[in-house]
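Okay, here's what each chain looks like letter by letter:
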Amino acid sequence: MRFLADLEGHLRRKFSGYPAEDVLTLEACPAGQDGDFTLNCFRIGRFCGNPAAAAQTAADFLAGHPDVERVSVVKAFVNLTLAPAVLHGVTAADPRALLARCELPEAQRRRVLIEFSAPNTNKPQHLGHVRNNTLGMALGSLLKRVGHDVIEINLVNDRGIHICKSMLCYQRTGNGRTPENTGIKGDHLVGDFYVEYNRMLAAEIKVLKAARPELAERDSEELFLETEIGRATQKMLQDWEAGVPEVRDLWKTMNAWVFAGFDATYRRMGIKFDHTYLESETYLLGKDIISAGLERGVFTRREDGAVICDLGKLGKKVVLRSDGTSVYITQDIGTTKRKYDDYHPETMIWVVGDEQNLHFQMLFEIMKRLGFEWAKDLYHLSYGMVNLPNGRMKSREGTVVDADDLFDEMAELARNACAERADGSLTEAELARRGEIIGLGALKFMLLKFNPKTTITFDPAASVRFEGDTGPYVQYVAARIASIERKAGAKGVKADAVNWSRLNHTLERELAVKLYFYPEVMRTAAAKRDCSGLVEYLLELAKAFNRFYRDCPVLGAADTELAAARLALAGAVKQVVADGLRTLTIGVPEAM
């Protein structure tokens, strides 16, 4: 703002020690105090005598500035009320410039690789994956929005004992079933065999414990190889690693079913990965790095032959078993190096649940000890569990909420809400289209509403309401403004040649102030790698608009000039709301 730059110049001339760079920033004026903005003078107090003296000096100068209507001093704070044309001139009058301020200077932009989703090919994606996907894609979108170069990566776990469980069950009970001849989506079909396998395993363990009472207190994992089905599964894994054609062919077939299912789920969420790594191609990576690190003393060999890394307070981590086979972190070490070599990012981010916090702390420390300079910029976006009102989900028992079923439920809830409002005026196709946009938007909005570390309970019915702190509430603001614009066009009211000085109502000013801080909110959310701040802002902006709309009629304004000004202000709000929702990967309906 011009008055801020003029004040900076005045302070530099008045105080010899004042810094050459701009240091003044505006904050929203606290509720209950008079003003649009507050200038915090603590940060310049040492250059101007003390904070109180700095505030008085700033107030004396600004009181005579043509952009400023009123000034008041509260201790070391200066509250400012701007001329309406000035206030709206830097916000609603030029939405394009306002949105451009979201972008970082070139020197602050980075190349960022973000890995998220990481499903297993033994089951469909569920609500936990949906939170992971939502966090990953929204963060990637946010980082792109502020100007970073973002590479979005998926690492699919497509091998291992859990994959063999579904395969073995299909061998024994599949009877030639396929997605095509059953009409079941491929990942769901394979997931059904995974659930059935665990039922078969549980039944065998029950019989085993009945026959051998001494095993009664041992858990299922301990007894896995005591069962026939467990040994058969272990043999299948060994055959897979040996490349036995029959096993490999079945693995390729069932994985293809799952990948087709995953692709449909990703398309519905709007996810496109730049690259997908497969664990079957990466699980042997890392061994050479471990060998080199052992020679350099980064790792040591334990008495039993296992290779370990002593990480101090983090503990001792095995990086190779005593028989020379990999553990999970071996692959992670190799895959991290592979991703860096492939894309040369300046920052790498993993979106993974908080149960893996220690794993990533250890991984990052090991990468640093291995001497990779870029390892200082590795980041784990840890997130909490998603529960349902009726409790936790369990994949093995088939009690998970599949992502596709959840999407269907959300779309149906939103479709029904739209149908109630439409009173039969919409076609079924249009209701379905709106239901999809609003329903999936409601789901994403609710999952992004909280800090990722928070464990949340997700209630589908509550999240899709058009009132309250929900995605549809914010979407409805954009749709309402679009409706106002259509009606204004029919009446010949145009938001051009606007006289911004007409907008002096408290609620009009409140909207302008909210708009001013949008770029700061966007940049702060990106810096914190947390979309919840942007969600909170959009809710606040939506509430501010609804207060404005209630007390400041647009098309019912006192005269055409005032109507045009209010229409332009509403249009700026719509552009910011739409930009924010799209940044969160949420659709913006033209009508609801």
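Parameters and conventions
- Residues numbered from 1 in each chain as written.
- Predicted model: local features only at pLDDT ≥ 70, side-chain atom pairs only at ≥ 80, totals over all residues.
- Heavy atoms only, no water.
- Helix = DSSP H or I, 4+ residues; strand = E, 2+ residues; numbered from the N terminus.
- Buried < 20%, exposed > 50% of the residue type's maximum accessible area, 1.4 Å probe, protein only.
- Contact = heavy atoms within 4.5 Å.
- Areas by Shrake-Rupley, 256 points an atom, 1.4 Å probe, with all protein chains shown as cover.
- Lys, Arg positive; Asp, Glu negative; His and termini not counted.
- Charge placed at Lys NZ, Arg CZ, Asp CG, Glu CD.
- 1 Å grid on protein atoms, 1.4 Å probe; cavity = no way out; pocket = protein on both sides within 12 Å on 5 of 7 lines; lining within 4 Å.
- Points joined across faces, edges and corners; volume = space filled by probe spheres on them.
- Nonpolar A, V, L, I, M, F, W, Y, C, P; charged D, E, K, R; others polar.
- Axes fitted to C-alpha atoms, helices over the stretch in contact; angles between N-to-C directions.
- Parallel < 35°, antiparallel > 145°, perpendicular 65-115°, else oblique.
- Polar contact = N/O pair within 3.5 Å; in protein donor to acceptor, adjacent residues only side chain to side chain.
- pLDDT = per-residue confidence, 0-100.
- Pairing = 2+ DSSP bridges.
- Salt bridge = Lys/Arg side-chain N within 4 Å of Asp/Glu carboxyl O.
- Left-handed = near helix turned anticlockwise from the far one by under 90°.
- Core = buried A, V, L, I, M, F, W, Y, C linked by side-chain atoms within 4.5 Å.

## Things to note about the overall build of the protein
Here's step 1: Of regular secondary structure, the protein possesses 22 helices and 14 strands.
Here's step 2: Structurally, the protein occupies a C-alpha span of about 90 × 70 × 40 Å along its principal axes.
Here's step 3: Counting every position in the protein, which comprises 592 residues, the buried fraction comes to 53%.
Here's step 4: Long-range pairs, those at least 24 residues apart, make up 73% of the contacts in the protein between residues at least 6 apart in sequence.
Here's step 5: Summing over all exposed atoms, the protein offers an accessible surface of approximately 26,300 Å²; the carbon and sulfur share of this is 49%.
Here's step 6: Across the protein, the centroid of the 76 positively charged side chains sits 2 Å from that of the 80 negatively charged ones.

## Section: helix α19 (residues 506-516)
Structural remark: α-helix, 3.6 residues per turn; residues separated by three or four positions point the same way.
Here's step 1: A large share of α19 lies buried, amounting to 8 of its 11 residues.
Here's step 2: Every buried residue of α19 is accounted for by L507, E508, R509, L511, A512, V513, L515 and Y516.

## Topic: the environment of Q238
Here's step 1: Among the secondary structure elements, Q238 is positioned in helix α9 (residues 228-242).
Here's step 2: Relative accessible area serves as the criterion here: at 43%, Q238 is assigned to the partly exposed category.
Here's step 3: Separated by 77 residues in the primary sequence, Q238 and I161 have C-alpha atoms spaced 9.5 Å apart.

## Considerations on empty space enclosed by the protein
Here's step 1: In this structure the tally under the stated criterion is 1 cavity of 30 Å³ or more.
Here's step 2: If you add up the space inside the largest cavity, you get close to 30 Å³.
Here's step 3: Along its surface, the largest cavity is lined by T121, I163, S166, M167, V190, W251, M254 and N255.
Here's step 4: When residues of the lining of the largest cavity are traced back to their parent elements, those giving at least two are α6 (161-173) and α10 (245-269).
Here's step 5: Here the residues of the lining of the largest cavity are counted per class, giving 5 nonpolar, 3 polar and no charged.

## Points about the packing of helix α8 (residues 186-211) against α10
Here's step 1: Where α8 contacts α10, the two axes come as close as 6 Å, and the packing angle between them is 125°. As the angle between them shows, α8 and α10 are arranged oblique. Residues G186, D187, L189 and V190 of α8 form the contact with α10, whose participating residues are M254, W257, V258, G261, F262 and T265.
Here's step 2: The class makeup of the residues in the contact of α8 with α10 is 6 nonpolar, 3 polar and 1 charged.

## Brief notes about the side chain of N154
Here's step 1: Secondary-structure assignment places N154 in strand β6 (residues 149-156).
Here's step 2: At a separation of 2.9 Å, a polar atom in the side chain of N154 contacts the main-chain amide nitrogen of A118.
Here's step 3: Apart from the residues lying within four places of it in its own chain, the contact partners of N154 are F116, S117, A118, P119, Y266, F273, H275, T276 and Y277.

## Some remarks on the confidence of the model for the protein
Here's step 1: In the predicted model, the protein carries a mean pLDDT of 94, and the fraction of residues at 70 or more is 98%.
Here's step 2: The low-confidence segment residues 392-398 (pLDDT under 50) makes 23 contacts with residues lying over four places distant or belonging to another chain.

## Details of the sheet that holds strand β4 (residues 77-82)
Here's step 1: Taken in spatial order, the 4 strands of this open sheet run β1-β2-β4-β3, and their pairing is antiparallel. Lying at the two open borders of the sheet, with one neighbouring strand each, are β1 (26-28) and β3 (68-74). The sheet shows a mean angle of 30° between the axes of neighbouring strands, taken without regard to direction.
Here's step 2: Taken together, the 6 bridges between β3 and β4 define a ladder with antiparallel strand orientation. Pairing of S72 across the sheet is with N79, part of β4.
Here's step 3: Packed onto the sheet, helix α2 (residues 51-62) meets β2 (37-40), β3 and β4 and runs at close to 165° relative to β3.

## With respect to unusual backbone geometry
Here's step 1: Positive phi values are uncommon outside glycine, yet H344 reaches one of about 50°.
Here's step 2: Phi angles above zero are rare outside glycine, and A497 is one such case at about 50°.
Here's step 3: You can see A497 is positioned in the loop between α18 (471-491) and α19.
Here's step 4: On the basis of relative accessible area, A497 is assigned to the exposed category, the value being 82%.

## So, the pattern of salt bridges
It is possible for side chains bearing opposite charge to pair when their charged atoms get close.
Here's step 1: Going through the model one piece at a time under the given rule, you end up with 42 salt bridges.
Here's step 2: Among the salt bridges present, the one from R70 reaches D34, with a minimum N-O distance of 3.0 Å. With R70 in strand β3 and D34 in the loop between β1 and β2, this pair connects stretches of sequence that are 36 residues apart.
Here's step 3: Accessibility expressed as a relative area gives 44% for D34, which makes it partly exposed.
Here's step 4: One salt bridge connects R433 with E430, and the closest N-O pair in it is separated by 2.9 Å.

## Details of the layout of surface pockets
Here's step 1: Space inside the second largest pocket adds up to approximately 600 Å³.
Here's step 2: Across the lining of the second largest pocket, the residue classes break down as 9 nonpolar, 7 polar and 9 charged.

## Brief notes about the packing of helix α21 (residues 532-551) against helix α22 (residues 560-583)
Here's step 1: Put simply, α21 and α22 touch, their axes get as near as 10 Å, and they point 160° apart. Between α21 and α22, the angle is such that the two are roughly antiparallel. α21 and α22 meet at a crossing whose hand is left-handed. Where α21 approaches α22, its residues L534, Y537, L538, L541, F545 and F548 are matched on the opposing element by R566, L569, A570, V573, V576, V577, G580, L581 and T583.
Here's step 2: Considering only residue class, the contact of α21 with α22 consists of 12 nonpolar, 2 polar and 1 charged.

## Thoughts on the nonpolar core
Here's step 1: Counting 126 residues, the largest nonpolar core has V474, L515, F545 and V573 as the members making the most contacts within it.
Here's step 2: A per-element tally of this core places α22 first, with 12 residues.
Here's step 3: Setting aside residues no more than four positions away along its own chain, F545 makes contact with V477, R480, I481, I484, L511, A570 and V573.
Here's step 4: Counting residues in each nonpolar core, the second largest holds 33 residues, with L113, V319, Y340 and Y343 among its members.

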